[in-house]
Amino acid sequence: MMRKTLRRYKTIQLNPAHILILGFLGLIFIGTCLFMIPGATKDRHHLSFIDALFEATSAVCVTGLAVVDTGTTFTLFGQIVLLALIQLGGWGFMTSGILMFLILGKKIGFKQRLLLKESMNALSLQGVILLVKRVIIITLIVEAIGALLLAIRWSQEMSVGKAVYYGIFHSISAFNNAGFGLEPDSLSKWVGDPTVNIVITSLFIIGGIGFFVVADIFEKRNIRKFSLHTKVVLIFTLVLNIVSTLVIFGLEYNNPATLGSLGTTDKWWAAYFQGVVPRTAGFNTIDISQMELSSLVYMMALMFIGASPGSTGGGIKVTTFALLLFALWAVVTNRDDVNVFKRRIPPPLVLRALSIAVSGMLFSFIIFFLLTITEKGADMSVIAFETVSAFGTVGMSAGLTPELSLWGKILITIMMFIGRVGPLTMAFALAIRSNQPKVRYAEEKILIG
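Residues numbered from 1 in each chain as written. Predicted model: local features only at pLDDT ≥ 70, side-chain atom pairs only at ≥ 80, totals over all residues. Heavy atoms only, no water.

**Looking at the nonpolar core**
In summary, soluble globular proteins display a tendency toward joint burial of nonpolar side chains. Stated formally: By nonpolar core is meant a set of buried Ala, Val, Leu, Ile, Met, Phe, Trp, Tyr and Cys residues that side-chain atoms within 4.5 Å join together. Summary of the burial criterion: residues with accessible area below 20% of their type's maximum are buried, those above 50% are exposed, and those between are partly exposed, where the area comes from a 1.4 Å probe applied to protein chains only. The contact criterion used throughout is that any non-hydrogen atoms of two residues lie within 4.5 Å.
Grouped together as the largest cluster of nonpolar side chains are 116 residues, with contacts concentrated most on F35, W154, I200, F283 and F385. Each residue touching I200, except ones within four places of it in the same chain, is listed here: L150, H170, A174, L187, F273 and F283.

Quick look at the structure:
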């Protein structure tokens, strides 16, 4: 009898993937309830359940897609709730939970450390609590600096109080790669403003490269001593940002609805901003819906790649993309090992990278397919853009999100959630639990390629 009870307990025991998903769902539920309070909206009529759920999911999953305009719909209370969800969602619910443990002086056990490791995609349990402390300190410092610089700039065209609030709101939103703004056209008013461009992009780039990288840079301060992870993230981020700026500049140069009507300097600022923003945040300084189809397709690739592990961004992650390229190069050059900067990558890690990319494509295709059914009048390219934007938790919209049907809102909500928790984590949670087989079968090859 005792053995049967123990067996039943083991069968219902939640794994880390389940707990992480339940934690994010809990934050989303709280946010949904708060957004439905009449005092959260300016017209005193609470949002519908689906709209509140969509907004809460977008905030917790630091996406930025919105079915209502943030600045004109939410009261100060509603906007503060939005910021709180963005901050907690950016940290991740486990990091936020550990912060409460530290504040209350409670002991952090092995189980909490294990969950924290899973939520932050850390390689080991060693130093995870120290990393949490650094994450919190780095976040507060960077956000404070960003808010101050933006407040100084915006105080030149608005009241000091409003400038400070705008600075705080956009700094938190940018660092956490959320992409929420208080203006209907995002940051289009400041398309050629050097301060706004540099500060906002610096915030979401720092937030997007990941806390592991930021901590490694501050700790070692010597590129030769950086970990392999830090080197790969920094190099690929730099290359993608430079290439993307040039690509957007070239594709949109003669488009009168985007860069064509701007001066040369403003064209470069706009191209730079839209080149670096697709992998992480959902801000924009030009009208996304008016961009060339080729630009949208290229931006979809960037959104699918996403940010870095342990960051506030989504996507399959830039290290996964890099590892797949290195693995492809190893196959093309007929090598058994995947080598990166004189280091050999373990085969299970390559397989995991492949699994993340494939699961991401599968989830994206399923949601895209279902959206083509629910959004009958929408262009296929726009549906694809919105789907990938939700998966990458980027938040850029080609104009479809505000016009989504009821089922369309539900599907994009699911896509944002999958993008935040990670496609592989979602696959683990949905998979049927099975024990490691005790028998290894005979090997046989199949034809591929």
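Here the narrative resumes, following the displayed structure.
**Observations regarding the packing of helix α3 (residues 49–60) against helix α5 (residues 76–91)**
Counted only if it meets this: Simply put, an axis is a line fit to the C-alpha atoms, just over the touching stretch for a helix, and the angle between two N-to-C directions goes from 0 to 180 degrees. The helix and strand labels rest on DSSP assignments: H or I over at least four residues marks a helix, E over at least two residues marks a strand, and numbering proceeds from the N terminus. Roughly parallel means an angle under 35 degrees; roughly antiparallel means over 145; roughly perpendicular covers 65 to 115; every other angle is labelled oblique. Any residue that is not Ala, Val, Leu, Ile, Met, Phe, Trp, Tyr, Cys, Pro, Asp, Glu, Lys or Arg is counted as polar, Gly included; the first ten are nonpolar and the last four charged.
It is at 7 Å that the axes of α3 and α5 come closest, and there the two elements cross at 45 degrees. Relative to α5, the element α3 lies oblique. On α5, the residues that touch A56, A59 and V60 of α3 are L82, L85, I86 and G89. Here the contact of α3 with α5 is composed, by residue class, of six nonpolar, one polar and no charged.

**Digging into the environment of M36**
The topology assignment puts M36 in the loop between α2 (16–35) and α3. As a C-alpha pair, M36 and S48 span twelve residues in sequence and 6.9 Å in three-dimensional space. Among residues more than four places away in sequence, those in contact with M36 are H46, L47, F49 and A52.

**Notes on the packing of aromatic side chains**
The description of an aromatic ring pair uses the distance of the two centres, along with the angle that the planes make with each other. Defined as follows: Between 30 and 60 degrees the pair is tilted, below 30 it is stacked and above 60 it is edge-to-face, where a pair is any two Phe, Tyr or Trp rings, Trp via its six-membered ring, whose centres lie within 6.5 Å. Look at NZ for Lys and CZ for Arg. If either is within 6 Å of the ring centre and within 35 degrees of the ring normal, a charge sits over the ring.
Summed over the entire model, instances satisfying the criterion amount to twelve aromatic pairs. With a centroid separation of 5.3 Å and 25 degrees between ring planes, the pair formed by F304 and F391 is classed as stacked. Of this pair, F304 sits in helix α14 (residues 293–305) while F391 sits in helix α17 (residues 380–391), and the two are 87 residues apart along the sequence. The exposure class of F391 is buried, given its relative accessible area of 0%. Put simply, the rings of W154, Y166 and W190 pair up and form one aromatic cluster. K267 extends its terminal NZ or CZ atom over the ring of Y253, reaching a point 3.7 Å from the ring centre.

**Details of the pattern of salt bridges**
So the rule is basically this: Any carboxyl oxygen of Asp or Glu within 4 Å of a side-chain nitrogen of Lys or Arg constitutes a salt bridge here.
A full pass over the atoms with the stated rule returns four salt bridges. A salt bridge links K409 to D51; the shortest N-O distance between them is 2.7 Å. One end of the pair, K409, is in helix α18 (residues 406–421); the other, D51, is in helix α3, with 358 residues separating them in the sequence. On the basis of relative accessible area, D51 is assigned to the buried category, the value being 15%.

None of the figures reported here should be taken as evidence of function without further support.
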